[in-house]
Amino acid sequence: MAAAVSATSAFRGGLSCSSSIAGEHYAALARSVPAQVPMGKAAVRPQPVMKNVNEGKGLFAPAVVLTRNIIGKKRFNQLRGKAIALHSQVINEFCKSIGADSKQRQGLIRLAKKNGERLGFLA
């Protein structure tokens with residue numbers, strides 16, 4: 001029994017096969033193979049929860065959390081932003097008075113942020 005199989009690919013990626021093996025027909029083979037392969041559900045990443053890692057830590061954290069709960073988050077963040085801006089201005093003026101360069105000034109600002117985290121001001 002001789003078998004001749006030819007495969008040609010069409011322009012759009014289709015595949016055309018013909019077979020002369022007894023009992024095996026292309027149409028029967030095409031019907032036995034599903035047209036679309038079922039895919040499993042895509043993995044869905046959970047949404048990240050934005051939570052302050054410093055909440056509850058530090059000496060002033062309870063007062064900061066209480067103030068935030070009383071005046072509301074929006075107003076609290078505005079007030080916190082103003083306080084941080086004022087503190088940065090104080091640091092800048094201090095650096096100007098002692099003649100510190102910008103690299104030293106940035107180091108002082110980073111140190112102030114780190115100290116604020118430790119004390120609980122960023123809770």
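Our structure's up above, just so we're on the same page.
Thresholds, definitions, all that
Residues numbered from 1 in each chain as written. Predicted model: local features only at pLDDT ≥ 70, side-chain atom pairs only at ≥ 80, totals over all residues. Heavy atoms only, no water. Helix = DSSP H or I, 4+ residues; strand = E, 2+ residues; numbered from the N terminus. Buried < 20%, exposed > 50% of the residue type's maximum accessible area, 1.4 Å probe, protein only. Contact = heavy atoms within 4.5 Å. Areas by Shrake-Rupley, 256 points an atom, 1.4 Å probe, with all protein chains shown as cover. Core = buried A, V, L, I, M, F, W, Y, C linked by side-chain atoms within 4.5 Å. Phe/Tyr/Trp six-rings, centres within 6.5 Å; stacked < 30°, edge-to-face > 60°. Salt bridge = Lys/Arg side-chain N within 4 Å of Asp/Glu carboxyl O. Expected span 1.5 Å × (residues − 1).

### Focus on the overall build of the protein
Working step 1: Tallying secondary structure elements over the protein gives four helices and two strands in all.
Working step 2: Counting only residues that meet the buried cut, the protein has 10% of its 123 residues in that class.
Working step 3: Partitioning the contacts of the protein with sequence separation of at least 6, the portion at a separation of at least 24 is 43%.
Working step 4: Taken as a whole, the protein presents about 10,700 Å² of accessible surface, with 62% of it coming from carbon and sulfur.

### Section: the nonpolar core
Working step 1: Judged by nonpolar contacts, Ala 61, Val 64, Val 65, Phe 76 and Ala 123 together constitute the single largest core of five residues.
Working step 2: When residues of this core are assigned to their parent elements, the largest contribution, three residues, is made by helix H2 (residues 61-71).

### Here we look at the packing of aromatic side chains
Working step 1: Taken as a whole and judged by the stated rule, the model has one aromatic pair.
Working step 2: With 4.7 Å between their ring centres and 15° between their planes, Phe 60 and Phe 121 make a pair best called stacked. With Phe 60 in the loop between helix H1 (26-32) and H2 and Phe 121 in the segment after helix H4 (102-119), this pair connects stretches of sequence that are 61 residues apart.
Working step 3: With a relative accessible area of 34%, Phe 60 lands in the partly exposed category.

### Focus on the pattern of salt bridges
Working step 1: Per the stated rule, a full pass over the model turns up one salt bridge.
Working step 2: Lys 96 is the partner of Glu 93 in a salt bridge, and the nearest nitrogen-oxygen pair spans 3.9 Å. Within this pair, Glu 93 and its partner Lys 96 are both found in helix H3 (residues 73-98), separated by three residues, close to a single helical turn.

### A look at H3
Working step 1: With 26 residues, H3 should reach 38 Å at 1.5 Å per residue; the first-to-last C-alpha distance of 37 Å fits that figure.
Working step 2: Where H3 is concerned, the buried positions are Phe 76, Ile 91 and Cys 95.
Working step 3: Looking at the buried residues of H3, the elements they touch are H2 and H4.
Working step 4: One or two positions beyond H3, positive phi appears at Gly 99, with a value near 80°.

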